[in-house]
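# Inside the fold
Below are the chains, spelled out letter by letter.
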Amino acid sequence: IVVDCPLIVITKTADDPVISAGDQIGFTITVTNTGDGAAFNVRVSDTLPAGMRWSESPDSAGWSIAGGVLSFGPATLGGGASTSVHIVATTDTADCGLVPNTAFLTYQGGADDDAAEVTVDCPNISVEKSGNGPIVNGQTAIFTITTINHGPGVARDVTLEDQLPAGDW
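The structure reproduced in this document is the subject of the present report. Keep in mind it's a predicted model, so treat the numbers as computed, not measured. (Residues numbered from 1 in each chain as written. Predicted model: local features only at pLDDT ≥ 70, side-chain atom pairs only at ≥ 80, totals over all residues. Heavy atoms only, no water.)

## Details of the pattern of salt bridges
For clarity, the cut-off: Salt bridges are defined as contacts in which a side-chain nitrogen from Lys or Arg sits within 4 Å of a carboxyl oxygen from Asp or Glu. Where helices and strands are cited, they refer to DSSP runs of H or I of at least four residues and of E of at least two residues respectively, numbered from the N terminus. In this scheme, a residue with accessible area under 20% of its type's maximum is buried, one over 50% is exposed, and one in between is partly exposed, where area comes from a 1.4 Å probe on protein chains only.
The full count for this structure, using the stated rule, is three salt bridges. Residue Asp-23 pairs with Arg-156 through a salt bridge whose shortest N-O separation is 2.3 Å. Note that Asp-23 is positioned in the loop between strand 2 (18-20) and strand 3 (24-33) and Arg-156 in the segment after strand 12 (143-149), a separation of 133 residues in sequence. Using a relative accessible area of 41% as the deciding quantity, one classes Arg-156 as partly exposed. The closest approach of N and O atoms between Asp-162 and Lys-129, which form a salt bridge, is 2.8 Å. With Asp-162 in the segment after strand 12 and Lys-129 in strand 11 (residues 125-131), this residue pair connects regions lying 33 residues apart in the sequence. On the basis of relative accessibility, which here comes to 30%, the residue Asp-162 falls in the partly exposed class.

## A closer look at the sheet that holds strand 8 (residues 82-90)
We count it as follows: Following DSSP output, two strands are said to pair if at least two bridges run between them.
Read across the open sheet, the four strands follow the order 1-3-8-5; overall the sheet is antiparallel. One side of each edge strand has no neighbouring strand; the edge strands of this open sheet are strand 1 (8-14) and strand 5 (55-56). Bridge count for strand 1 against strand 3 is seven bridges, and the pairing is antiparallel. Looking at strand 3, one finds that Val-9 is bridged to Thr-32.

## Things to note about unusual backbone geometry
The omega torsion across Ser-57 and Pro-58 is 0°, close enough to zero to call that bond cis. Mapped onto the fold, Pro-58 is located in the loop between strand 5 and strand 6 (63-66). Note that the residue after Gly-133, namely Pro-134, is joined by a cis bond; omega there is 0°. Take Pro-134: it is sitting in the loop between strand 11 and strand 12. Even without being a glycine, Asn-41 presents a positive backbone phi close to 60°. Considering the arrangement of structural elements, one finds Asn-41 in strand 4 (residues 39-47). The exposure class of Asn-41 is partly exposed, given its relative accessible area of 36%. Positive phi values are uncommon outside glycine, yet Asp-157 reaches one of about 55°. Relative to the assigned elements, Asp-157 resides in the segment after strand 12.

Have a look at this one:
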């Protein structure tokens, strides 16, 4: 008698290992049965990084996100079969730094896990203002304003407002 056994592997990959705050973060999780036999009671559990609104993109059969946890199964995965899901969220400055994530797989007779991480870079904006003063009555006042991004992240929707002294400018 030949008994065909399953061999289940989970892989998790980041769409991009480094992004800027405000960009979309994404991961793809794939579960593959590289064995010849069916795997029973296949389950995936992945507690997603907090503070982001995660969604499947596109929706994948058998996968769901509830309460910040990505789940799959229980399901049977035949020999040579696989299932995958792509998840995304939009980051902000609260997510800056390393965002690690691990997906855990269990099935009848085994377990596996895989991790991926993304670095979310933030901008670091400074404003420098200089003038040609002191000046005397009748001279023209000149101000130079320079905005600099010292951070590794892209600065988006930057606005500068300067309340000028009374007078004609």
